[in-house]
Amino acid sequence: MVDVSQHELVPEHILLDDDSEVEQVLEEYNIKRTDLPKIKRNDPALPDEAEPGDVIKIVRDSRTTDTAIIYRLVVR
Amino acid sequence: MLSRAATRRWNPMTEYEYVTNDIEAIVEDADLPRRLKDRVYEVIDERGGVTTEQADEIARAVSSQYNDTRVDALDPVGTVSAQSIGEPGTQMTMNTFHYAGVAEIDVTQGLPRLIELVDARKTPDTPMMTVYLEDEYAIDRERAHEVVWSIESTKILALGDVSTNVADMVVRVDLNEDTLLERWPTVDDADVIASEIAETIEDALGVDTRRSGTAIEFGPSEPSYRELLQLVEQLRDVVFKGIEEVTRVVIRKEQLDDGTEEFVLYTEGSAFGDVLAIEGVDASRTTCNNIHEIHKNLGIEAAREAIINETVNTLEEQGLDDVNVRHMMLVADIMTNRGTIESIGRHGISGSKDSVLARAAFEVTVNHLLSAAIHGKADRLDGVIENVIVGKPVSIGTGDVKLRMGSISTDGGKPADD
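Let me begin by describing the structure that accompanies this report.

**Observations concerning the overall build of chain B**
Working step 1: Check the secondary structure of chain B and you find 20 helices and 10 strands.
Working step 2: For 418 residues, the compact-globule estimate of 2.2 N^0.38 gives 22 Å, and the C-alpha radius of gyration of chain B, at 31 Å, exceeds that figure by more than 25%.
Working step 3: Considering only C-alpha atoms, chain B reaches an extent of 110 × 75 × 40 Å along its principal axes.
Working step 4: Burial statistics for chain B: of 418 residues in total, 40% are counted as buried.
Working step 5: Here the analysis covers contacts within chain B between residues at least 6 apart in sequence; of these, 56% occur between residues at least 24 apart.
Working step 6: Roughly 23700 Å² of accessible area belongs to chain B as shown, and the carbon and sulfur atoms make up 48% of that amount.
Working step 7: Distance from the positive charge centre (40 side chains) to the negative charge centre (79 side chains) of chain B: 7 Å.

What follows is the structure in C-alpha cells.
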C-alpha cells in the first residue's frame, strides 16, 4: 500500500501518548477533550497505534505562519 | 507554496548581504511569523542595510502593526468569511469550462465549481487528476507512456475492428497488432496479448472464444440474433487495460522551478486510490479534484488542504485572488471539523446545529419548527440568529460583554457580592 504520510498534502500526525501534554493543551484553550476537532479511527493518515479517545498532534505547514499545531481527538 | 515553507530553514546571513548578526538577532527576537520576518530581511537588504537602532524600530513597528491587524476576541469571523467569499462569488462567471494550461481537458470552473466544493458533492461535475511521475518515468517519454496506458481505460474499439456475421452467428474481433504492442509496452509478443484479451472477453461476457493470431471469434451459445447484438454492446464496454473511470489522459511536458523538465499527466475522470498504486506514479505529489477521494485515501487533514487549494485556485482562476486565504482556511476547518467532510448548508454544517431556531432560520423553516414542537425541543438561545429572532443582544462583539455590578468591601478589596 502507498505510504500516505509521504504525500505533500498530509501533515505530520503525532500520537500524544503522554496524558499530561493533553491536559496542558486542554487547559491552555480552556476546553474539554470532546471540544477538539475530530479524526476518524480509520483515517489513512492516522498512526497505527492510535485508539479512540487518543489525541493526535498535527503539525501543519501553515500558509499564514511558520508551522501551525492543531490537535484532533480520535473518534470511532 | 507548502513545500517551500518547510525547506526554508536557512540562515538570513547567507541569503542577504546587508543583514548583520545584530539585525538578525533583533528581528528574530520579535514576536512575528516567519513570513513577516523574511519580508523584514528583504526590505532591509533592499535598503542596503540599517543600523541596529533602526532595525529595532522596524521590528517594533512591524510587530505593533501585526498585533493591530489580528482578529479581536468575539469577532464574528465566520460571518466575515461568508461575506468575503460571497461578494467575489457574485462577480464570477456562471459557467466556464477549461482548465488553465491544459486546454484539451475541460474542468468546471467559476461559481459552479465553488458551489460544488462547499456543497461537498460526492463526485465533481468534471473529475480530473494531475498525475506526477517519478524518476525515469518523468523524463523519458516512452516510460511516461507506459503509465498513460496503465491509467487510460482501453476499450475494444481502440484495439481493433469488431464485425458481426449474422449468418454464422459470430462476433469477430480483428485486433491491430501495432496497437497491441504499443499499449502493452512490457510484452513484445502480440500473440500473448491477444490471448490475454480473449481471456478477458471470456470472463466478462461468459462466452467461449476461438482465436487464431490476432483474430478472436465468439458467439452466443444458442443462435439468437438479439443475444448476438447484446454481446457486441457488452463488448464495447469491457475495459481491457487501465482504469475504468479514466476516459482520457493528456501528457504534457512541464518546466520545474529549477529549470528541469518533466512529464505530467492530466486525466479526465479520476480514481485516485488506484492511480497512487501504479508503478511510476509519484505518490507524494499526485492529486485529484475530488475532495472525497482525497479524504478516503489521504485522510481528513489532506482533505482540508485540498479544499483550501481548490477554492483558492477557483477564485484565482477568475481573477479574484485578493480574497484572503484565511477565509478559505476557516471554511475548510469547519468542513473537516468532525473528521469527515461536511457540506456547508442544510445537509451539513447548518443542518447539524443544536439550536432549533438557528436551523429554522436557515432553510425549510416549517419542518424544523414542526419536528421541534413534536419532540418538545428547547432552545438555549446562545447563538446569533436565535437572539436576533427573539430580540436580544447577540453574543458576539460588544454584545457579549456583560457588566457585573457589586460593592467592594473596604477591608479586603474582595467583591462582597458575586
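Moving on from the coordinates now.
**Here's the deal with the environment of R236 of chain B**
Residue and element names in this part refer to chain B.
Working step 1: Assignment of secondary structure puts R236 in helix α13 (residues 225–237).
Working step 2: Residue classification places R236 among the partly exposed positions, given a relative accessible area of 39%.
Working step 3: R236 sits 36 residues away from F272 along the chain, and the two C-alpha atoms are 24 Å apart.
Working step 4: The residues touching R236, leaving out its near neighbours within four places in the chain, are K155, I156 and L157.

**As for the interface of chain A and chain B**
Working step 1: Taken together, the contacts link 26 residues of chain A with 39 residues of chain B.
Working step 2: Together, the buried faces of chain A and chain B total about 2700 Å²; carbon and sulfur atoms form 56% of this surface.
Working step 3: Considering only the side of chain A, the residues that lose the most area to chain B are L9, R63 and T64 of chain A, jointly responsible for 31% of the buried surface there.
Working step 4: Measuring nitrogen to oxygen at the nearest pair gives 2.8 Å for the salt bridge that ties E301 of chain B to R60 of chain A.
Working step 5: If you look at where chain A meets chain B, you find 10 residue pairs in polar contact (both at pLDDT 80 or more).
Working step 6: Mapped by element, the contributors of at least two residues to the side of chain A that touches chain B are β2 (38–40), β3 (55–61) and β4 (67–75) of chain A.
Working step 7: Split by residue class, the side of chain A that touches chain B holds 11 nonpolar, 6 polar and 9 charged.

**Comments concerning helix α5 (residues 52–68) of chain B**
All names here are of chain B.
Working step 1: In this model α5 runs 24 Å from its N-terminal to its C-terminal C-alpha over 17 residues, within 8% of the 24 Å that 1.5 Å per residue would give.
Working step 2: By the burial criterion, the buried members of α5 are A55, A59 and S63. One side of α5 holds all its buried residues, which, seen down the axis, span an arc of 65 degrees. Residues of α5 that are exposed and point over 90 degrees away from its buried face: E53, E57, R60, Q65 and D68.
Working step 3: Check the buried side of α5 and you find it contacts α3 (21–29).

Conventions and cut-offs
Along every chain, residues carry numbers that run from 1 in the direction the sequence is written. Written order determines the labels here, with chains lettered from A and ligands numbered from 1. The predicted origin of the model limits local features to residues at a pLDDT of at least 70 and limits the giving and counting of side-chain atom pairs to 80 or more, whereas totals for whole chains, interfaces and linings rest on all residues. Where side-chain values are given, they derive from all heavy atoms of the structure, hydrogens and water being excluded. Where helices and strands are cited, they refer to DSSP runs of H or I of at least four residues and of E of at least two residues respectively, numbered from the N terminus. This radius of gyration counts C-alpha atoms alone. The globule rule is 2.2 Å times how many residues there are, raised to the power 0.38. Accessibility here uses a 1.4 Å probe with only protein chains present; expressed as a share of the type maximum, an area under 20% marks a residue as buried, one over 50% as exposed, and anything in between as partly exposed. Whether two residues touch is decided by their heavy atoms; if any such pair falls within 4.5 Å, the residues are in contact. The protein chains shown are the only cover counted for residues, whose accessible areas, like all others here, come from Shrake-Rupley with a 1.4 Å probe. Counting rule for charge: Lys and Arg are taken as positive, Asp and Glu as negative, and neither His nor the chain ends is counted. By convention, charge coordinates are those of NZ in Lys, CZ in Arg, CG in Asp, or CD in Glu. Each of two parts loses accessible area, computed with a 1.4 Å probe, when they are put together; buried area is these two losses added. Counted as salt bridges are all cases of a side-chain nitrogen of Lys or Arg within 4 Å of a carboxyl oxygen of Asp or Glu. Polar contacts, as used here, are pairs of N or O atoms within 3.5 Å; protein pairs need one atom able to donate a hydrogen and one able to accept it. Residues neighboring in sequence count only if both atoms are side-chain atoms. Each residue receives one of three labels: charged for Asp, Glu, Lys and Arg, nonpolar for Ala, Val, Leu, Ile, Met, Phe, Trp, Tyr, Cys and Pro, and polar for the others, Gly being one of them. Expected span of a helix: the number of residues minus one, times 1.5 Å. The directions from the helix axis to the C-beta atoms form the arc being described.

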